[in-house]
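Listed below, chain by chain, are the residues.
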Amino acid sequence: ESMPQDMIDDVESIFRDPTEIAQKEAIFNKINKDYIELQAQKDKIRVSNEEAENQDERDLVEQAQGHERYRKRKNRGRETAETTEEALLQAVANRKISRKINYDAMSAIFDDAGSFSTTD
């Protein structure tokens with residue numbers, strides 16, 4: 001069944017046609033020009049802040065990668081020591097040996113586990 005014509009007219013009057021929409025939008029934009037410009041400035045500031053944060057994060061990642069490369073290059077060829085005694089012996093082995101240091105006595109201050117020995 002079809003609806004009566006007056007109901008069809010009422011339903012059609014609820015919806016706007018494209019020209020009426022364009023007119024009302026132009027009026028709204030003219031009245032609220034300051035608000036629209038303020039929102040555009042806020043959006044621009046927000047986007048620039050996000051870009052700055054992203055750049056800061058990228059810089060930190062690049063810096064961390066640079067530090068890691070430096071540490072790898074610095075520690076290249078070195079073994080990690082498990083005990084203090086091993087670390088001391090590695091440090092001594094990598095440096096010029098001095099005649100004034102008694103290396104046997106230095107080794108004797110550590111026990112078999114590599115910790116400092118407090119008993120003789």
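Residues numbered from 1 in each chain as written. Predicted model: local features only at pLDDT ≥ 70, side-chain atom pairs only at ≥ 80, totals over all residues. Heavy atoms only, no water.

## What to know about a negative patch on the surface
Together, Glu 53, Asp 56, Glu 57, Asp 59 and Glu 62 make up a negatively charged patch on the protein surface. By the secondary structure assignment, Asp 56 is in helix H3 (residues 33–74). Classification of Asp 56 as partly exposed rests on a relative accessible area of 47%. (Patch = residues over 30% accessible without salt bridge, like charges linked within 9 Å, V, L, I, M, F, W, Y side chains within 5 Å. Areas by Shrake-Rupley, 256 points an atom, 1.4 Å probe, with all protein chains shown as cover. Salt bridge = Lys/Arg side-chain N within 4 Å of Asp/Glu carboxyl O. Lys, Arg positive; Asp, Glu negative; His and termini not counted. Charge placed at Lys NZ, Arg CZ, Asp CG, Glu CD. Helix = DSSP H or I, 4+ residues; strand = E, 2+ residues; numbered from the N terminus. Buried < 20%, exposed > 50% of the residue type's maximum accessible area, 1.4 Å probe, protein only.)

## Considerations on a nonpolar patch on the surface
On the surface, Met 3, Met 7, Val 11, Ile 14 and Phe 15 cluster together into a nonpolar patch covering about 520 Å² of accessible area. Following the sequence through the fold, Phe 15 ends up in the loop between helix H1 (5–14) and helix H2 (18–31). Given the relative accessible area of 58%, Phe 15 is considered exposed.

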